[in-house]
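Architecture at a glance
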Amino acid sequence: MTTIQKQDWHHSGSACCTPIGTCCLSWWCPCIVYGRTHHRVKNNGDMNGYSACNLACAGFCGLACLGISFVMPMLSRGDMRAKYHLKGNGCTDCLCACCCTPCDVTQQDKESAFREEQNRPLLNQPGKEGAMQYAAQPQNPAFHH
């Protein structure tokens, strides 16, 4: 049985002011950033079919009306830790989501974008054109051993 080494988060939670657009959106409308991150993580970085108005965003808003909007980012943080093999635990997930939801949502958005970009296969590498293409072998029925 092999154990997978847990990695540090690439993006710090305290660096939530960059990029400024994501920062502002996380403070004024965090449900959109949460929904975008949720879509990216669940679809392995494929943003096709993403809409700012989605079920994850609606769920976030519904919980915000009850004053418990931190629950969804807390759960998604755990999902991200499991998927990307990141350090942390349920207690830190709860603290990050409860203490500053906008910072947590920003960190998750940046981290998921970074991790999914790392997992994307390298295409169009220079010098690799046609490297895996095989020419068909000519059939010569007159030649026998």
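Below: a short report on this structure. (Residues numbered from 1 in each chain as written. Predicted model: local features only at pLDDT ≥ 70, side-chain atom pairs only at ≥ 80, totals over all residues. Heavy atoms only, no water.)

Our next topic: the nonpolar core. The biggest cluster of nonpolar side chains holds 9 residues, and these are Cys31, Val33, Tyr34, Ala56, Cys57, Phe60, Leu63, Met72 and Val105. At the level of secondary structure, the elements contributing two or more residues to this core comprise α2 (30–42) and α3 (55–65). Counting residues per element, this core draws most heavily on α3, at 4 residues. Among residues more than four places away in sequence, those in contact with phenylalanine 60 are Pro30, Cys31, Tyr34, Ser69, Met72, Pro73 and Thr101. Counting 5 residues, the second largest nonpolar core, distinct from the first, contains Trp9, Met80, Tyr84 and Leu86. (Core = buried A, V, L, I, M, F, W, Y, C linked by side-chain atoms within 4.5 Å. Buried < 20%, exposed > 50% of the residue type's maximum accessible area, 1.4 Å probe, protein only. Helix = DSSP H or I, 4+ residues; strand = E, 2+ residues; numbered from the N terminus. Contact = heavy atoms within 4.5 Å.)

Once that is clear, we can look at the packing of aromatic side chains. With the rule as written, the count across this model stands at 1 aromatic pair. In this structure, arginine 77 is placed above the aromatic ring of tryptophan 9, and the distance from its NZ or CZ to the ring centre is 4.2 Å. (Phe/Tyr/Trp six-rings, centres within 6.5 Å; stacked < 30°, edge-to-face > 60°. Lys NZ or Arg CZ within 6 Å of the ring centre and 35° of its normal.)

All right, on to the packing of helix α4 (residues 71–84) against helix α5 (residues 90–99) then. Describing two packed helices takes the angle between their axes plus the distance from one axis to the other. α5 packs onto α4 with a crossing angle of 135° between their chain directions and a minimal axis gap of 8 Å. Of the possible angle classes, the one that applies to α4 and α5 is oblique. Two packed elements cross with a definite hand, and for α4 against α5 that hand is right-handed. Contact residues: α4 offers Pro73, Met74, Arg77, Gly78 and Arg81, while α5 offers Gly90, Thr92, Asp93, Cys94, Cys96 and Ala97. (Axes fitted to C-alpha atoms, helices over the stretch in contact; angles between N-to-C directions. Parallel < 35°, antiparallel > 145°, perpendicular 65-115°, else oblique. Left-handed = near helix turned anticlockwise from the far one by under 90°.)

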